[in-house]
Amino acid sequence: MSRAKLEKLGLTLPLLPTSTVGSFPKPDYLLQARARFARKEITQKELEVLEKRATEFWVQQQEEIGLDVLVDGEQYRGDMVAYFADVMPGFRMGGLVRSYGNRYYHKPIIVGEIRWPGPMTVKWWRFAQGLTSKPIKGMLTGPYTIMDWSFNDYYPDRKSACLALARVIRKEVEALVEAGAKVIQIDEPALSVRPEELPFAIEAMQMVTDGVPAYFITHICYGAFEFIYPRMLRFPVHNFDLEMSNSGLDLIGLFKKHPFNKDLSFGVLDVHSHKIESSALVKERIEKALQVIPKEALWVDPDCGLKTRTVEEAQGKLRSMVAAVKEIRQALDKAPKRKRRRIEVGSVVKKRRKKIRKHKYKKMRRRMRHKKK
Ligand SMILES: [Zn+2]
């Protein structure tokens with residue numbers, strides 16, 4: 001549990017902090033503008049004006065809906081890997097490949113040494129943070145996923161490509177922290193693809209997060225967790241953000257067998273369904289999570305990014321989520337408090353020391369008495 005870490009960073013969040021995974025749907029005017037930009041009918045600057053307008057819209061929406069930890073909504077991004085590969089020296093864009101269903105993306109190719117081109121996301125983080133007093137998450141794609149979703153024509157193996165990317169993402173993390181970001185999410189949806197590679201995926205994330213004063217979240221979705229759990233608990237982040245609802249909350253069974261020991265952002269909204277979940281259904285899902293995760297360690301969010309939903313669906317789903325969380329917070333507040341529930345670590349330590357001292361003193365006196373005899 002990392003409440004202490006958050007407080008150390010100056011972040012006071014309510015119980016069951018609400019957030020989102022990162023992307024929001026792009027309004028129609030922005031979709032049209034992106035298509036026109038691709039046809040070279042408008043300039044980058046003209047496109048950016050609309051991206052900013054859409055970012056403002058989503059920050060304001062998140063505030064109005066009542067979320068606790070916000071995102072910039074990724075109105076300026078297309079694919080989560082291509083966005084980074086596009087600007088990093090060492091990559092070339094490849095042809096279209098199919099990701100899932102009817103979605104295609106340009107698979108990047110590593111053709112040279114990967115280098116950091118300077119801040120890739122900081123400008124947008126600053127812009128969004130300037131619009132709200134709530135914390136905005138820094139949003140990055142992890143080294144393992146960028147490596148896995150690219151062709152490698154340069155590094156001798158997958159591990160060295162992954163570690164080279166880790167060095168670059170580390171620099172981006174440092175730039176975000178310098179700008180003021182306190183919560184940074186690094187997405188690794190590919191993490192469970194090849195369980196035998198988990199050790200170097202962990203090593204890479206260690207290089208990214210080690211010693212950095214921030215609260216780290218990793219989002220993973222639609223993976224075969226049973227192959228990497230509980231080993232994945234060694235991943236050096238504070239919070240795992242997992243898709244739970246689309247898979248019928250299967251993971252809860254795994255957590256019962258082997259306790260989950262980090263903070264958990266529990267996906268309560270199925271982003272592949274048009275249907276807006278009722279707040280009663282969301283409440284039920286959160287209650288199930290509370291059976292296996294202590295309330296201090298639980299965050300609540302959708303399964304994945306909401307970019308595939310319509311604007312109205314995304315708003316509706318998030319409203320249900322916030323309503324459910326509010327009800328559960330009230331119930332938790334009213335729940336009878338057990339005696340001596342608020343144990344402060346400091347006082348426990350002090351008491352224990354006192355006990356030890358007392359014990360030693362008794363022993364000493366006993367020994368002295370013995371000697372006198
Ligand atoms: Zn996802």
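Relevant structure appears above.
These remarks concern the structure in this document.

Basis of the calculations
Residues numbered from 1 in each chain as written. Predicted model: local features only at pLDDT ≥ 70, side-chain atom pairs only at ≥ 80, totals over all residues. Heavy atoms only, no water. Helix = DSSP H or I, 4+ residues; strand = E, 2+ residues; numbered from the N terminus. Buried < 20%, exposed > 50% of the residue type's maximum accessible area, 1.4 Å probe, protein only. Contact = heavy atoms within 4.5 Å. Areas by Shrake-Rupley, 256 points an atom, 1.4 Å probe, with all protein chains shown as cover. Axes fitted to C-alpha atoms, helices over the stretch in contact; angles between N-to-C directions. Parallel < 35°, antiparallel > 145°, perpendicular 65-115°, else oblique. Left-handed = near helix turned anticlockwise from the far one by under 90°. Expected span 1.5 Å × (residues − 1). Arc of directions from axis to C-beta. Donors = N, O, S within 2.8 Å, 3.2 Å for Na, K, Ca; no water. 1 Å grid on protein atoms, 1.4 Å probe; cavity = no way out; pocket = protein on both sides within 12 Å on 5 of 7 lines; lining within 4 Å. Points joined across faces, edges and corners; volume = space filled by probe spheres on them. Nonpolar A, V, L, I, M, F, W, Y, C, P; charged D, E, K, R; others polar. Core = buried A, V, L, I, M, F, W, Y, C linked by side-chain atoms within 4.5 Å. Polar contact = N/O pair within 3.5 Å; in protein donor to acceptor, adjacent residues only side chain to side chain. Pairing = 2+ DSSP bridges. Right-handed = clockwise from strand over helix to strand, strands pointing away.

**Describing the overall build of the chain**
What the chain contains, in helices and strands, is twelve helices and nine strands. Taken across its 373 residues, the chain has 50% of its residues classed as buried. Contacts in the chain between residues far apart in sequence, at least 24 positions, make up 75% of those at least 6 positions apart. By element, 52% of the accessible surface of the chain is carried by carbon and sulfur atoms, the whole surface being about 19,200 Å².

**What about the packing of helix α2 (residues 28–38) against helix α3 (residues 44–65)?**
Look at α2 against α3: their axes get within 10 Å of each other, and the N-to-C directions meet at 160°. Here α3 runs roughly antiparallel to α2, going by the angle between their axes. Remark: the crossing between α2 and α3 carries left-handed chirality. Mapping the contact onto sequence places Tyr29, Leu30, Ala33, Arg34 and Phe37 in α2 and Gln44, Leu47, Leu50, Glu51, Arg53 and Ala54 in α3.

**Examining helix α10 (residues 279–292)**
For α10, with 14 residues, the first-to-last C-alpha span of 21 Å sits near the 20 Å given by 1.5 Å per residue. Every buried residue of α10 is accounted for by Val282, Arg285, Ile286 and Ala289. End-on, the buried residues of α10 take up no more than an arc of 95°, which puts them together on one face. Those residues of α10 that are exposed and aimed more than 90 degrees away from the buried face are Ala280 and Gln291. In this structure, the buried residues of α10 make contact with α9 (251–257), β8 (263–267), β9 (298–301) and α11 (311–334).

**Thoughts on the coordination of the zinc ion**
Surrounding the zinc ion are the protein donor atoms His219 (NE2), Cys221 (SG) and Cys304 (SG), which sit 2.1 to 2.3 Å from the metal. Sequence positions of the donors to the zinc ion reduce to the motif H-x1-C-x82-C. Residue Cys221 is found in the loop between β6 (215–220) and β7 (239–242), and its partner Cys304 is found in the loop between β9 and α11; the two are separated by 83 residues along the sequence.

**What about empty space enclosed by the protein?**
For the coordinates displayed, the defined rule picks out one cavity of 30 Å³ or more. Space inside the largest cavity adds up to approximately 40 Å³. Residue lining of the largest cavity: Asp72, Tyr76, Arg77, Thr121, Trp125, Lys137, Gly138, Met139 and Leu176, and that is the complete set. Among the residues forming the lining of the largest cavity, the class breakdown is four nonpolar, two polar and three charged.

**Notes on the nonpolar core**
Membership of the largest hydrophobic core comes to 96 residues, with the highest contact counts inside it found for Leu242, Phe255 and Ile286. The greatest single-element share of this core, amounting to twelve residues, is contributed by helix α7 (residues 158–179). Setting aside anything within four residues of it in sequence, one finds Leu242 in contact with Ile220, Phe225, Met232, Leu251, Phe255, Leu264, Ser265, Phe266 and Gly267. Grouped together as the second largest cluster of nonpolar side chains are nine residues, Leu6, Leu11, Val183 and Ile217 included.

**A word on the environment of Asp68**
One can find Asp68 in the loop between α3 and α4 (82–85). Along the backbone, Asp68 and Lys134 are 66 residues apart, and their C-alpha atoms lie at a distance of 6.7 Å. If we skip the residues at most four places from it in the chain, Asp68 touches Pro14, Leu16, Pro17, Thr18, Lys134, Pro135 and Arg329. In this structure the side chain of Asp68 is engaged in a polar contact, spanning 2.9 Å, whose partner is the backbone nitrogen of Thr18. A polar side-chain atom of Asp68 sits 2.9 Å from a polar atom in the side chain of Arg329.

**With respect to the pairing of β9**
Burial along β9 is two-sided: Leu298 and Val300 and Trp299 and Asp301, pointing in opposite directions, are all buried. Where β8 and β9 come together, four bridges link them in parallel fashion. Its bridge partner being in β9, Phe266 is matched across the sheet by Val300. Taken together, β8, α10 and β9 constitute a β-α-β crossover, and its handedness is right-handed.

**Considerations on the environment of Asp301**
Inspection of the secondary structure puts Asp301 in strand β9. A relative accessible area of 1% means that Asp301 is categorised as buried. Distance from Asp301 to Leu269, taken between C-alpha atoms, is 7.2 Å for residues 32 residues apart in sequence. Excluding residues that lie within four positions of it along the chain, Asp301 makes contacts with Ser19, Thr20, Val21, Asp241, Ser265, Phe266, Gly267, Val268, Leu269 and Met321.

**Topic: the environment of Asp263**
Tracing the backbone shows Asp263 in strand β8. On the basis of relative accessible area, Asp263 is assigned to the buried category, the value being 1%.

The analysis is restricted to geometry; functional conclusions fall outside its scope.
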